[in-house]
Amino acid sequence: AAACLQIQINFTINANVAPNTTITNCANLTSSQIPAQQSCATFVTAAPAPDLCLYKEICSPQTSYLPGNTFRYRLRVQNIGSQNATNFNLSDVLPAGLTYVGNQIAYSSNNYNPACGGVGATPWAVAAPGVSGQTLTWTNLNIAAECQDFYYANCGVYGTQGVTFHFIEFDVQVSADAPSGIIPNTFTGSGG
């Protein structure tokens with residue numbers, strides 16, 4: 001009495017189920033003490049595909065930076081899809097006022113937020129980016145599929161702890177002529 005019971009059941013969809021198939025699964029409760037009950041969940045299968053989660057942060061962020069300061073960006077990438085992400089590219093267009101310095105390291109971890117520097121993490125074989133003006137491009141990257149997209153609906157710490165996190169860190173320097181104010185910076189994934 002006055003208690004709840006939640007049962008979670010994980011399952012695998014057979015490989016021969018076609019994409020866009022509607023699947024309904026119902027649970028039935030029977031008891032001698034309460035009326036019979038039924039609860040159903042319905043979802044539609046998707047075609048197998050990679051699905052990248054991207055997140056960018058600054059290692060050891062400060063409230064402000066001055067011209068000449070160097071700081072470290074960290075890109076975080078996950079594949080929460082149901083198919084390997086192969087030969088995809090990442091691109092980061094640095095805003096005016098920032099200069100790529102290098103010192104890249106790449107690694108993977110089961111932790112969404114390991115200490116910057118990759119200490120204790122597994123190396124991820126990623127070549128240095130191609131640099132063209134302010135654009136940094138990492139090409140031909142690969143991340144295996146580890147899960148099904150519908151189960152891991154969110155990026156980062158919110159729901160994807162079982163999926164490997166891949167990181168790329170590199171240094172940038174604030175230029176002498178950098179404008180003052182907030183300078184947003186994002187990166188994108190494409191291909192594969």
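Look a little higher up for the structure.
Residues numbered from 1 in each chain as written. Predicted model: local features only at pLDDT ≥ 70, side-chain atom pairs only at ≥ 80, totals over all residues. Heavy atoms only, no water.

Participant: Can you lay out the overall build of the protein chain for me, pointing to particular residues and giving the numbers?
Facilitator: Helices and strands together make up the secondary structure of the protein chain, namely zero helices and eleven strands. Reading the helices (α) and strands (β) of the protein chain from amino to carboxyl end gives β-β-β-β-β-β-β-β-β-β-β. Computed over the C-alpha atoms, the radius of gyration of the protein chain is 22 Å, more than 25% above the 16 Å expected from 2.2 N^0.38 for a compact globule of 192 residues. Residues classed as buried in the protein chain amount to 30% of the 192 residues present. A fraction of 74% describes how many contacts in the protein chain between residues 6 or more apart in sequence connect residues 24 or more apart. Taken as a whole, the protein chain presents about 11900 Å² of accessible surface, with 52% of it coming from carbon and sulfur. (Helix = DSSP H or I, 4+ residues; strand = E, 2+ residues; numbered from the N terminus. Rg over C-alpha atoms; globule rule 2.2 N^0.38 Å. Buried < 20%, exposed > 50% of the residue type's maximum accessible area, 1.4 Å probe, protein only. Contact = heavy atoms within 4.5 Å. Areas by Shrake-Rupley, 256 points an atom, 1.4 Å probe, with all protein chains shown as cover.)

Participant: Before we move on, could you go through the packing of aromatic side chains and cite the residues and values that matter?
Facilitator: One pass over the structure, following the stated rule, counts six aromatic pairs. Taking the centre distance of 4.8 Å and the plane angle of 35 degrees together, the rings of Y65 and F71 count as tilted. Taking relative accessible area as the criterion, Y65 reaches 22% and is therefore assigned partly exposed. Look at F71 and you get buried, because its relative accessible area is 9%. Relative to F170, the ring of W138 has its centre 5.5 Å away and its plane inclined at 45 degrees; by these criteria the two rings are tilted. Residue W138 is located in strand 9 (residues 135–143), and its partner F170 is located in strand 10 (residues 165–174); the two are separated by 32 residues in the primary sequence. By relative accessible area, F170 is classed as buried at 0%. In textbook terms, an aromatic cluster arises when at least three aromatic residues are bridged by ring pairs, as seen for Y65, F71, Y73, Y100, W138 and F170. Here the basic side chain of K56 rests over the ring of Y73, its NZ or CZ set 3.9 Å away from the ring centre. (Phe/Tyr/Trp six-rings, centres within 6.5 Å; stacked < 30°, edge-to-face > 60°. Lys NZ or Arg CZ within 6 Å of the ring centre and 35° of its normal.)

Participant: How would you explain the state of the cysteines if you had to name every residue and give the values?
Facilitator: Inspection of the entire model under this criterion finds two disulfides. The disulfide partner of C26 is C40, and the S-S distance across this bridge is 2.0 Å. Disulfide C26-C40: torsion about the S-S bond near 105 degrees, hence right-handed. You can see C26 sitting in strand 1 (residues 22–29) and its partner C40 sitting in strand 2 (residues 37–44), a full 14 residues away along the chain. Overall, the relative accessible area of 41% leaves C40 in the partly exposed class. (Disulfide = S-S within 2.5 Å.)

Participant: Would you mind going over the sheet that holds strand 7 (residues 122–123) in detail, with residue names and values included?
Facilitator: One open sheet holds the five strands; their spatial order is 3-4-10-6-7, and the pairing between them is antiparallel. Both outer strands of the open sheet, strand 3 (52–59) and strand 7, are each paired with one neighbouring strand and no more. Here strand 3 pairs with strand 4 (residues 70–79) via eight bridges, running antiparallel. Looking at the pairing, I58 lines up with Y73 of strand 4. (Pairing = 2+ DSSP bridges.)

Participant: Describe the environment of S180, listing the residues and the values that go with them.
Facilitator: Along the chain, S180 falls in the loop between strand 10 and strand 11 (187–190). Sequence-wise, S180 and L66 are 114 residues apart; in three dimensions their C-alpha atoms are separated by 8.9 Å.

Participant: Please provide a residue-by-residue account of the nonpolar core, values included.
Facilitator: Counting 21 residues, the largest nonpolar core has L90, W138, I168 and F170 as the members making the most contacts within it. Where this core is concerned, the elements lending two or more residues are strand 4, strand 5 (85–93), strand 6 (98–109), strand 9 and strand 10. Once you skip the residues sitting within four places of it in the chain, I168 turns out to touch Y73, R74, L75, L90, Q104, I105, A106, W124, V126 and W138. (Core = buried A, V, L, I, M, F, W, Y, C linked by side-chain atoms within 4.5 Å.)

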